[in-house]
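Summary of structural features
One-letter residues, chain by chain:
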Amino acid sequence: MTPTGEICSASGPGNDPYRMILECYPHPAYLLDSRGVTREANLAGRELLGPAAARGASRCGEASPGEPFPLFPYEVGSFAVSDAGGRSFDAELSLGDGARQFQVHLRRAPGADGKFPGILLVLTDITPRVGVQRELAEKHRELTRLVDQISFAKRELEGAIDCVRDMIVFTDEDFRVRRCNRSFQKFVGRGFLEVIGGKVEDFLRERNVSVALAETQEAEVFREDTGCWYHIRCNPFTWRADGVVPAENEKSNGNVVILQDVTERKRILDEIEANNAKLTEAYNALKKSKMHILQQEKMASIGQLAAGVAHEINNPMGFIASNLRTLQKYADRLSRFIEAQDNALRNSVGEVEEVRKARAENRIADIQGDIRSLIEESLEGAERVRGIVLNLKSFSRVDQAESKHADINECLESTIRIVWNEIKYKANLVKELGEIPLTRCYPQQINQVLMNLLVNAAQAIEKQGEIRVRSWAEDGFACVSVSDTGCGIPRDVLDRIFEPFYTTKEVGKGTGLGLSIAYDIVEKHGGKILVESELGKGSIFTVRIPLVEPR
């Protein structure tokens, strides 16, 4: 408010009430003449621009009557010659208490003589308002940036969803479209505005895709006219003040419906299933072939040992046959002696001398002493043959599907008896068998592993050496080591000795499958075969299989 009339009246003599009103006016007010000379200043104006406080933008000094007004000379001068009725502008003044913002109001007023127009200048302190305006402007700029970021994120999200090949639809609780991506619009053949508010099920039904979204959250649907398969998933959610959350324990008021064309995936899955069936069939055939090869390797190993086994059987059979021929002669003599004895007994007691003579001629006393040892020796030989045959039968038996508990030391002893003829002429066999608990395994397969290791050890010795067999239990494993003092294995081929068909033996002396099969058998038992070898000094093969407690 700029009370121009009151101030003008206050400038004349004898108007003390108006001067008092001017003095009490809370804003700095100044009455200037047409030249910009201060004629009047109220108390607030004098306090604002007193000698200690004034820091003008152009000229500084007291706003005393009779002196030019120290502030805004250009604005005051241009206003004095203007016909405008009033002017307002903002200005900043640096005062003793710091910079402050004022709004400057200029109005025309008659001078004291009534001839020249005067100028009423009123200053309104707007520093607090300007501060608030600046804070609001800064918050506005911050909100504008935030709105721009949200707008960009929204456009980015919509663009990303539009790039997804799957159809994505946001719906309300009644499955009416609130928003959808471009893939869905293309599928239903309608624009964005055309699908908004429509029911998803209706649009899908028009494209021969029938599904009850309210009754299922996930389904696969076949479209007969195109032969395509679609995977449809409905994800309910809840709109809340703090955002969108999955509707797990509360009522949903919206859904995200996703439709995915899975035709190609189903075709690939069908191919995979068909290939898996073929692979299963091939695996079963390979498994049978492996069993067949395993049995063939057994037979090949037995074939290589056939001469030695035959020799082992021939020795006891030789003396069994010899003993039987001797027993046949003894039986003839005993028959003749018994016949002579019967005749003597029938004739008379005097014929006893003839019985003694017949007894001496047939060497009955010697026969009595010899016949028991012949029978015992023959039984022992027959038992040896029986043991060899049983070992061969056990070794060559087709592997049973189920494992059983076995004594690893018995497996060693049985295998040693089979390969003994391979060993005894080339090496001194040293056995150091420790106590090993019974463990669940495939005994025939373990026998084959041990036989391969023992035969290899014997074949590695050219003339005469030593084979040492050790067994022990350690850290839950049954351990067997077979060491020899043979030729050793070159370091450059040590990593290949377990490869199928790889052999360092001469042609005709090995199939290259022995160690490979042994490795597979031990691995099947959950164990390992370790090998150490030094060229010219020998090799050590160590088999470790887990100890499985009886159930």
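Data block above holds the structure.
The notes below deal with the structure included here. Note that this is a predicted model, so its numbers are computed, not measured.

**Quick notes on the side chain of T439**
Its location among the elements puts T439 in strand 14 (residues 439-441). A relative accessible area of 0% places T439 in the buried class. Excluding its chain neighbours within four sequence positions, the residues that come into contact with T439 are K404, H405, A406, I408, P546, L547 and V548.

**Some thoughts on empty space enclosed by the protein**
Enumeration over the complete set of coordinates arrives at 3 cavities of 30 Å³ or more. Taken as a whole, the largest cavity encloses approximately 80 Å³ of empty space. Forming the walls of the largest cavity are I408, I446, V449, L450, A478, C479, V480, V522, V543 and I545. Mapped onto the lining of the largest cavity, the elements with two or more residues apiece are helix 13 (443-460), strand 16 (477-484) and strand 18 (538-546).

**Re a nonpolar patch on the surface**
Nonpolar side chains collect at one region of the surface, where L143, L146 and I150 lie side by side and expose about 290 Å² of accessible area between them. By the secondary structure assignment, I150 is in helix 5 (residues 127-163).

**A short note on the pattern of salt bridges**
The tally for this structure, following the rule as stated, stands at 20 salt bridges. With a shortest N-O distance of 2.9 Å, E158 and K154 are connected by a salt bridge. Here E158 pairs with K154, and both are found in helix 5, just 4 residues apart, close to one helical turn. Look at E158 and you get partly exposed, because its relative accessible area is 25%. K154 gets classed as partly exposed once you look at its relative accessible area, which sits at 44%. Notably, a salt bridge pairs R233 with E218, separated by 2.8 Å at the nearest N-O pair.

**Quick look at the packing of helix 13 against helix 14 (residues 514-524)**
Where helix 13 contacts helix 14, the axes come no closer than 9 Å and their chain directions differ by 140 degrees. Overall, the two elements helix 13 and helix 14 adopt an arrangement that is oblique. For the element pair helix 13 and helix 14, the recorded crossing hand is left-handed. Between helix 13, through Q445, Q448, V449, N452, L453 and N456, and helix 14, the contact on the second element is made entirely by G514, L515, I517, A518, I521, V522 and K524. Of the residues contributing to the contact of helix 13 with helix 14, the split by class is 7 nonpolar, 5 polar and 1 charged.

**A word on the packing of aromatic side chains**
Summed over the entire model, instances satisfying the criterion amount to 3 aromatic pairs. Relative to F203, the ring of F184 has its centre 6.2 Å away and its plane inclined at 80 degrees; by these criteria the two rings are edge-to-face. Of this pair, F184 sits in helix 6 (residues 182-188) while F203 sits in helix 8 (residues 200-206), placing them 19 residues apart in sequence. For F184, a relative accessible area of 0% gives the class buried. A ring pair is formed by F187 and Y230, whose centres lie 5.5 Å apart and whose planes are at 65 degrees; its orientation type is edge-to-face.

**Focus on the nonpolar core**
Judged by nonpolar contacts, the single largest core of 42 residues is most densely connected at I408, I423, L454, I467 and F541. Those elements that provide at least two residues to this core are helix 12 (408-423), strand 13 (427-433), helix 13, strand 15 (465-474), strand 16, helix 14 and strand 18. Ranked by residue count, the leading element in this core is helix 13, at 9 residues. Among residues more than four places away in sequence, those in contact with I423 are L429, L454, A458 and I467.

Analysis parameters
Here the residue index of a chain counts from 1 through its sequence in written order. Local features in this predicted model are restricted to residues whose pLDDT is 70 or higher, and side-chain atom pairs enter the listing and the counts only when it is 80 or higher, whereas totals over whole chains, interfaces and linings include all residues. The basis for every side-chain value is the complete set of heavy atoms in the structure, and neither hydrogens nor water enter the calculation. Runs of E in the DSSP output that reach at least two residues are strands. Runs of H or I that reach at least four are helices, and both are numbered from the N terminus. Each residue gets one of three labels from its accessible area relative to the maximum for its type: buried under 20%, exposed over 50%, partly exposed in between, using a 1.4 Å probe on protein chains only. For this analysis, residues touch if any pair of their heavy atoms sits within 4.5 Å. Points on a 1 Å grid, built from protein atoms alone, make a cavity when a 1.4 Å probe fits but cannot get out and make a pocket when they are open with protein on both sides within 12 Å along at least 5 of 7 lines; residues with an atom within 4 Å of a point are the lining residues. Grid points are joined across faces, edges and corners, and a volume is the space filled by probe spheres set on the points. For patch building, the residue pool is restricted to those with more than 30% relative accessible area and no salt bridge; the joining distance is 9 Å between like charges and 5 Å between nonpolar side chains (Val, Leu, Ile, Met, Phe, Trp, Tyr). Note that accessible areas follow from Shrake-Rupley with a 1.4 Å probe, and for residues the cover is restricted to the protein chains shown. A carboxyl oxygen of Asp or Glu within 4 Å of a side-chain nitrogen of Lys or Arg is what we treat as a salt bridge. With axes taken as lines fitted to C-alpha atoms, and helix axes fitted only over the stretch in contact, angles between N-to-C directions fall between 0 and 180 degrees. In these notes the angle categories are as follows: under 35 degrees is roughly parallel, over 145 is roughly antiparallel, 65 to 115 is roughly perpendicular, and the rest is oblique. Helix crossings fall into two classes, left-handed where the near helix is turned counterclockwise from the far one by less than a right angle and right-handed where it is turned clockwise. When residues are sorted by character, Ala, Val, Leu, Ile, Met, Phe, Trp, Tyr, Cys and Pro go into the nonpolar class, Asp, Glu, Lys and Arg into the charged class, and all the rest, Gly among them, into the polar class. Any pair of Phe, Tyr and Trp rings, taking the six-membered ring for Trp, is counted once the centres come within 6.5 Å. Such a pair is stacked with planes under 30 degrees apart, edge-to-face with planes over 60 apart, and tilted for the rest. As used in this record, nonpolar core signifies buried Ala, Val, Leu, Ile, Met, Phe, Trp, Tyr and Cys residues forming a set joined through side-chain atoms within 4.5 Å.

It is worth stressing that arrangement in space is one thing and function is another; only the former is reported here.
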